[in-house]
Amino acid sequence: MFVVGLTGGIGSGKSTVADLFVAHGAALVDTDAIAHALTAPGGAAMPLLRAAFGDAVVRADGGLDRPAMRARAFADPATKARLEGLLHPLIRAEADRRCRAATAPYVILAVPLLVESGSYADRCDRVLVVDCAEATQVARVMARNGLREDEVRAIVAAQATRQARLAAADDVVDNDGPAAALPAQVERLHRAYLEGALTKVKANC
C-alpha cells in the first residue's frame, strides 16, 4: 500500500486537508481517532492507564479524562513519557492494521506528531506537511477551542518546530490563506500519489 504521512502543527488544518483527499478516494487512517477510541469507555488502553495513573484521570463513564491527563503530562516530563510509552505502541499497531486493510489506491496516514515520533516516517512513502504561520495556528485554535493564547502557545512549543516539519516534508500544502486555495493543491498531489501508488504496485509485481 502507498502511504502518505500527513502532519502539521495544531491548528494547521490537517483534518480539512485529509477530508479533501478522502473526497478524491483516498483511505484515511487517523491516529488521533485511534487514540480516542483506545481511551474511550471500554477502550483497550484504559486498564493500562488506570493502573499507571489512577482513577484521577478516569471519567465517571470509564473513559480517559483528557484535560486531567493533559495537565499532568504537561507538568511532568516523566508522566508524559510514561503515557506515550503506553499509548503509542497500541496506536501504531492499530494504524498499521488499518493501513494494511485499506482497499483505496493510497492511504493518508494522519499523524499529528509524525516528525516528533520518528518511527511513523519509516512507514510512509511520502511525508506531507500542512503548513501555516504560528500566528495563524494560535488564532485558529483560540477560536476553535476557546483556549487562552498562552495555553495554545504552550502546546505549539511542545510540538516540533515549523522548520523541523518542513525539513521532513516531501510535499507541502500551504494553508496560511483562504480555504478556497486548498482544493487545487490537493488535486495536484492526489494525481502525484496515484502515480506513485501505481509505480509501487508495478515495482512489487
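For the structure, check the block above.
I will try to describe carefully the structure that is included in this document.

Cut-offs and rules
Residues numbered from 1 in each chain as written. Predicted model: local features only at pLDDT ≥ 70, side-chain atom pairs only at ≥ 80, totals over all residues. Heavy atoms only, no water. Helix = DSSP H or I, 4+ residues; strand = E, 2+ residues; numbered from the N terminus. Buried < 20%, exposed > 50% of the residue type's maximum accessible area, 1.4 Å probe, protein only. Contact = heavy atoms within 4.5 Å. Areas by Shrake-Rupley, 256 points an atom, 1.4 Å probe, with all protein chains shown as cover. Pairing = 2+ DSSP bridges. Salt bridge = Lys/Arg side-chain N within 4 Å of Asp/Glu carboxyl O. Expected span 1.5 Å × (residues − 1). Polar contact = N/O pair within 3.5 Å; in protein donor to acceptor, adjacent residues only side chain to side chain.

1. A closer look at the overall build of the protein chain
Piece 1. Secondary structure assignment for the protein chain yields ten helices and five strands.
Piece 2. The C-alpha extent of the protein chain, read off along each of the three principal axes, is 50 × 40 × 25 Å.
Piece 3. Burial analysis of the protein chain (205 residues in total) assigns 41% to the buried set.
Piece 4. Across the protein chain, every contact between residues at least 6 apart in sequence was considered, and the portion connecting residues at least 24 apart equals 72%.
Piece 5. For the protein chain, the computed accessible surface area is about 10,300 Å², with 56% contributed by carbon and sulfur atoms.

2. Focus on the pairing of strand β3 (residues 107–110)
Piece 1. Side chains V107 and L109 of β3 all project onto a buried face; the interleaved residues I108 and A110 project onto the opposite face, where all are buried too.
Piece 2. In the sheet, strand β1 (residues 3–7) pairs with β3 via four bridges, with the strands oriented parallel. Along β3, the bridge assignment pairs L6 with A110.
Piece 3. Pairing of strand β2 (residues 27–30) with β3, which is carried by four bridges, proceeds in the parallel orientation. Pairing of A27 across the sheet is with V107, part of β3.

3. A short note on the pattern of salt bridges
Piece 1. Counting across every chain of the model gives 14 salt bridges.
Piece 2. Here E84 and K80 are joined by a salt bridge, their closest N and O atoms 2.8 Å apart. With E84 and K80 both in helix α5 (residues 77–101) and four residues apart, this pair spans about one turn of that helix.
Piece 3. Looking at K80, the relative accessible area reads 34%, which means it is partly exposed.
Piece 4. For R97, the salt bridge identified is with E94, shortest N-O distance 2.7 Å. Taken together, the residues R97 and E94, both in helix α5 and three residues apart, mark about one turn of the helix.
Piece 5. Connected via shared salt-bridge partners are E94, R97 and R98.

4. Details of helix α10 (residues 182–204)
Piece 1. Helix length check: α10 (23 residues) gives 33 Å between terminal C-alpha atoms against 33 Å at 1.5 Å per residue, within 8%.
Piece 2. Looking only at α10, the buried set comprises L182, Q185, V186, L189, H190, Y193, G196 and A197.
Piece 3. For α10, the elements touching its buried residues are β1, α1 (14–23), β4 (126–131) and β5 (171–174).

5. What about the side chain of S12?
Piece 1. The residue S12 is located in the loop between β1 and α1 in this model.
Piece 2. Here S12 falls in the buried class, since its relative accessible area comes to 1%.
Piece 3. Other than its neighbours up to four places away in sequence, S12 contacts V130, C132, R140 and N175.

6. Describing the side chain of N175
Piece 1. Tracing the backbone shows N175 in the loop between β5 and α10.
Piece 2. Judged by its relative accessible area of 5%, N175 falls in the buried class.
Piece 3. Engagement of the side chain of N175 in a polar contact is seen with the backbone oxygen of S12, the distance being 2.7 Å.

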